[in-house]
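Examining the three-dimensional arrangement
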Amino acid sequence: MLPNPAFIIYEEKLRANLELIRSVALAAEVDIILALKAFAYWPAFPLIADYLNGATASSLNEALLIQKHLQGQLHTYAPAYHPTAVEQLAAISSHLTFNSLREMDRYAAIWDAEKIDQAPENRPLASRGLRVNPEYSPVEIALYNPASPYSRLGETLPNLPSRPPAGLEGLHVHTLCESTAGQTAELIKRVQAQFGHYLRKLRWLNLGGGHLMTKEDYQLEKLISALQGLRSSYPKLKIILEPGAAIVWQTGELHAKVLDIIDNYGRRTALLNVSFTCHMPDTLEMPYRPQVRGAHQEATDAGYAYRLGGVSCLAGDYLDAYYFDQPLLVGDTIIFEDMAHYTTVKSTMFNGVAHPAIVLLDEAGKVKASRTFGFEDYERRMG
């Protein structure tokens, strides 16, 4: 018996994604690492470590989680760093990317000193990188598009000196979101056109995330060809990709139950024991329509229409109608498909709403790891 509500993650599906991703890394001779901003359920890290050689963090907490549970390369980037965190990040990260030239200069003395008490013995400090904005992104939703000319994320070309400043060893770009191989190829073309004079002098280039290579219709050969072309142009340059969603794409579900049915003026809403604003925020922010097992997203002749309502008090905590072949009843299970990425890492306890359990099932279908949440977790967050 599995808990409900619960995020259910399938090890067998995760392994299949990892095998495909590793094959791309080998064919293109690039490094592909896990982005914790999309998936940070560390009980699954031992499996991920069998296929990938590191991860990327967006904060000190994520970096510490990688250091403790995953090992390998540790790339760190944040839009700005708290002054008290930079020395520790320089010590434990393999690569540390700054968002601006000013911030990189502000902390140059750390590298000038060449030694930090927290650094492991005989381990050099992190290789320094700079995020740049190529002003290209196929993402149409402003909330998820970092490539505006006025974006706070990264330096645009006019801000850069003609030569890489002292201490800079790599560039980082991130402008994609669930994008195609053709869009990655276009990003590479834009980066080469704008920053090629830097790439010839640097050690590495991080192409960020958004490369949805595990999606069924993704053109893998096109991605591999684009990456190989980039490598042939800059043979000494290490290429890194850090997909988040692709690693856990279609590997998990969110199981919920119907708590009540509300009918006002003939419009029925099934109230669930989960919340869209608390547990699936991208369904409201992106927005996107998750697949619901056994339901249709378009009206059918025999369909029973129900809006799906969350259990928080936010008025907009619902999704517009889905169509079911049978009437819903209190106690029915509702399964939201593809709920492993950008869910557990973005979920909240707003309203004190019960947080779904997180369960990892092994390849025999048995529980390998499980985390449940109760009052004590809510109490600790509040004081």
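The residue count restarts for each chain, going from 1 along the sequence in the order it is written. Totals for whole chains, interfaces and linings use all residues, but because this is a predicted model, local features are given only for residues with pLDDT of at least 70 and pairs of side-chain atoms are given and counted only at 80 or more. Water and hydrogen atoms were dropped before computing side-chain values, which therefore reflect all heavy atoms in the structure.

A few points about the overall build of the protein chain
Convention followed: A run of DSSP states H or I qualifies as a helix once it reaches four residues; a run of E qualifies as a strand once it reaches two. Both are numbered from the N-terminal end. Restricting the calculation to C-alpha atoms gives the radius of gyration, and the globule rule supplies 2.2 Å times the number of residues raised to the power 0.38. Summary of the burial criterion: residues with accessible area below 20% of their type's maximum are buried, those above 50% are exposed, and those between are partly exposed, where the area comes from a 1.4 Å probe applied to protein chains only. The accessible surface values rely on the Shrake-Rupley method and a 1.4 Å probe; as for residues, cover is taken only from the protein chains in view.
Of the regular secondary structure elements, the protein chain holds twelve helices and 18 strands. In summary, the protein chain has a C-alpha radius of gyration of 22 Å against a globular reference of 21 Å for 383 residues, a match within 12%. The C-alpha extent of the protein chain, read off along each of the three principal axes, is 65 × 45 × 40 Å. When each of the 383 residues of the protein chain is scored for burial, the buried share is 50%. Carbon and sulfur atoms make up 50% of the accessible area of the protein chain, which totals about 18200 Å².

Description of the pairing of strand S7 (residues 127-131)
Which entries qualify depends on this criterion: For two strands to count as paired, DSSP must find a minimum of two bridges between them.
Most of S7 sits out of view: five of its five residues are buried. Residue alternation in S7 divides its side chains into two sets, Ser127, Gly129 and Arg131 and Arg128 and Leu130, and both sets are buried. One ladder, built from four bridges, connects strand S6 (residues 95-98) with S7; its direction is parallel. Of the residues in S7, the one forming a bridge with Thr97 is Gly129.

With respect to the environment of Asp105
Tracing the sequence through the fold places Asp105 in helix H5 (residues 101-106). Residue class for Asp105 comes out exposed when judged on its relative accessible area of 54%. C-alpha separation for the pair Asp105 and Lys366, spaced 261 residues apart in sequence, amounts to 51 Å.

Notes on the side chain of Arg128
Our working definition: Charge counting follows a simple rule: Lys and Arg are positive, Asp and Glu are negative, and His as well as the terminal groups are ignored. By salt bridge we mean one thing: a side-chain nitrogen of Lys or Arg within 4 Å of a carboxyl oxygen of Asp or Glu. The contact criterion used throughout is that any non-hydrogen atoms of two residues lie within 4.5 Å.
As for its position among the elements, Arg128 is in strand S7. The charged side chain of Arg128 is buried without a salt bridge, its nearest counter-charge being Asp112 at 5.4 Å. The residues contacting Arg128, other than those within four sequence positions of it, are Leu96, Phe98, Met104, Ala108, Trp111, Gly167, Leu168, Glu169, Gly170 and Trp204.

Describing the packing of aromatic side chains
Rule in force here: Pairing of aromatic side chains here covers Phe, Tyr and the six-membered ring of Trp, requires ring centres within 6.5 Å, and sorts the geometry by plane angle: under 30 degrees stacked, over 60 edge-to-face, intermediate tilted. In our convention, an over-ring charge means Lys NZ or Arg CZ found within 6 Å of a ring centre and within 35 degrees of that ring's normal.
Enumeration according to the criterion identifies five aromatic pairs in this entry. Ring plane angle 15 degrees and centroid distance 6.3 Å describe the contact between Phe98 and Tyr107, whose orientation is recorded as stacked. Here the aromatic rings of Tyr306 and Phe324 are separated by 6.0 Å at their centres, their planes lie at 75 degrees, and the arrangement is edge-to-face. Placement of the pair is Tyr306 in strand S14 (residues 304-309) and Phe324 in strand S15 (residues 318-324), with a sequence separation of 18 residues. Residue Tyr306 shares its accessibility class with Phe324, and that shared class is buried. Linked through ring pairs, Tyr81, Phe98, Tyr107 and Trp111 together constitute an aromatic cluster. Against the face of Tyr306 rests Arg268, its NZ or CZ located 4.9 Å from the ring centre.

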